[in-house]
Amino acid sequence: MDILDVQKLTFAYPDTTVEYGGVYLEPALKEASFCVAQGDFLVILGSSGCGKTTLLKLLKPVLAPHGKKSGSIFFNGADIESLSYEELASDIGFVMQDVNAQLVTDEVWHELAFGLESLGYSNSMIKRRVAEMTSFFGLSGIFHKKVRELSGGQKQMVNLASVMAMNPKLLILDEPTSQLDPIAAEEFVACLTRINRELGTTIIMTEHRLEEVLPVCTKVMAMEDGQVTAFGPLRECMAELCTDGRYMGFMTAATRVYAGVAVDNIYSLPVSVGEGRSYLAELLKNGTLTGGCSDESELCD
């Protein structure tokens, strides 16, 4: 079942250099169409300015920018514009790039409860959900800390936990690890994987750190100049993008090796480091890898 259906979505920002309204810039999105099934983990990749952030904000109407829009967005079969504020707040979660942008209270425990309080949940429900999120995200050690005392990675984890406390059906993240150090980013992506696999939450995410993200996603969408240029299951879409030089910089190291080896691509496309090693070992074993390594022990050199 599709949880999200986007049909010919086009959006243009107003031209702020013109004194009177009604004049718009070149569309930032151009007839973008795609469907996301319940439980998918979709990663959107593309260069800066290709329309990724604009698209994500349009999927959360309260964050939608001002401008001229056409096309349709359906969430769980209903026009997203027809949903109530309560439905949008609880069913569609959004984590921003700026780790400080979503923090609205002074203590971690209150941050976790804030969204639930705003939606009018009972005290018993709030306490139960906060306890569940504290356990799931491992926040017991910082539960009573001031938000200002947290590291960037801890703040972003609190942001994620506070969104997940409302049990959203769809979680949207706009480059959530861009301000995190490598270790915190890896832990954050691992947590997203658990949310997707264990809770069944559908995830749509933009990210530039793709070495950790691509191996755990199920679908990929590529964008260029406001248009969707490729969309589909992970390996199928990555195999397609391997033939387009514009996207080589977004490939993982293993996938770049796959694209660069001068043999028929008859083996499964590797995405992670482990898969890349197995792919090269298989080529070496079958004598189809020429030049470079002479045995499997050299594959990590």
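Notes on the structure in this doc start here. (Residues numbered from 1 in each chain as written. Predicted model: local features only at pLDDT ≥ 70, side-chain atom pairs only at ≥ 80, totals over all residues. Heavy atoms only, no water.)

1. Things to note about the pattern of salt bridges
1) Next: Counted according to the given criterion, the structure contains twelve salt bridges.
2) Next: We note a salt bridge from Lys-146 to Glu-107, for which the minimum N-O separation is 3.2 Å. Of the two residues, Lys-146 sits in the loop between helix H4 (123-136) and helix H5 (152-164) while Glu-107 sits in the loop between strand S6 (92-95) and helix H3 (108-118), which places them 39 residues apart along the sequence.
3) Next: What makes Lys-146 partly exposed here is its relative accessible area of 25%.
4) Next: When its relative accessible area of 19% is taken as the criterion, Glu-107 is described as buried.
5) Next: Notably, a salt bridge pairs Arg-128 with Glu-132, separated by 2.8 Å at the nearest N-O pair. Highlighted residues: Arg-128 and Glu-132, both in helix H4, separated by four residues, approximately one helical turn.
6) Next: According to the relative accessible area criterion, Arg-128 is partly exposed, its value standing at 42%.
7) Next: On the basis of relative accessibility, which here comes to 31%, the residue Glu-132 falls in the partly exposed class.
8) Next: Each of Glu-26, Lys-30 and Asp-225 takes part in salt bridges that share partners, so that together they form one network. (Salt bridge = Lys/Arg side-chain N within 4 Å of Asp/Glu carboxyl O. Helix = DSSP H or I, 4+ residues; strand = E, 2+ residues; numbered from the N terminus. Buried < 20%, exposed > 50% of the residue type's maximum accessible area, 1.4 Å probe, protein only.)

2. Regarding the environment of Glu-117
1) Next: Inspection of the secondary structure puts Glu-117 in helix H3.
2) Next: The exposure class of Glu-117 is partly exposed, given its relative accessible area of 37%.
3) Next: Between the C-alpha atoms of Glu-117 and Asp-5, which are 112 residues apart in sequence, the distance is 30 Å.

3. Section: H5
Since there are 3.6 residues in each turn of an α-helix, residues three or four apart along the chain are aligned in direction.
1) Next: With 13 residues, H5 ought to run about 18 Å at 1.5 Å a step, and its terminal C-alpha atoms sit 18 Å apart, in line with that.
2) Next: Taking burial as the measure, the 13 residues of H5 include eleven buried ones, the bulk of the element.
3) Next: For H5, the complete set of buried residues consists of Gly-153, Lys-155, Gln-156, Met-157, Val-158, Asn-159, Leu-160, Ala-161, Ser-162, Val-163 and Met-164. (Expected span 1.5 Å × (residues − 1).)

4. Some details on the packing of aromatic side chains
1) Next: Scanning the model with the defined rule gives five aromatic pairs in all.
2) Next: Their ring planes at 90 degrees and their centres at 4.9 Å tell us that Phe-11 and Tyr-13 sit as a pair that is edge-to-face.
3) Next: Judged by its relative accessible area of 1%, Phe-11 is buried.
4) Next: Positioned above the aromatic ring of Phe-136 is the side chain of Arg-194, whose terminal nitrogen or guanidinium carbon lies 4.0 Å from the ring centre. (Phe/Tyr/Trp six-rings, centres within 6.5 Å; stacked < 30°, edge-to-face > 60°. Lys NZ or Arg CZ within 6 Å of the ring centre and 35° of its normal.)

5. Some points on the sheet that holds strand S5 (residues 78-79)
1) Next: Taken in spatial order, the four strands of this open sheet run S2-S1-S4-S5, and their pairing is antiparallel. Looking at the sheet topology across the chains shown, the edges are occupied by strand S2 (29-37) and S5.
2) Next: The sheet contact formed by strand S4 (residues 68-75) and S5 spans two bridges and is antiparallel. Its bridge partner being in S5, Phe-75 is matched across the sheet by Ala-78. (Pairing = 2+ DSSP bridges.)

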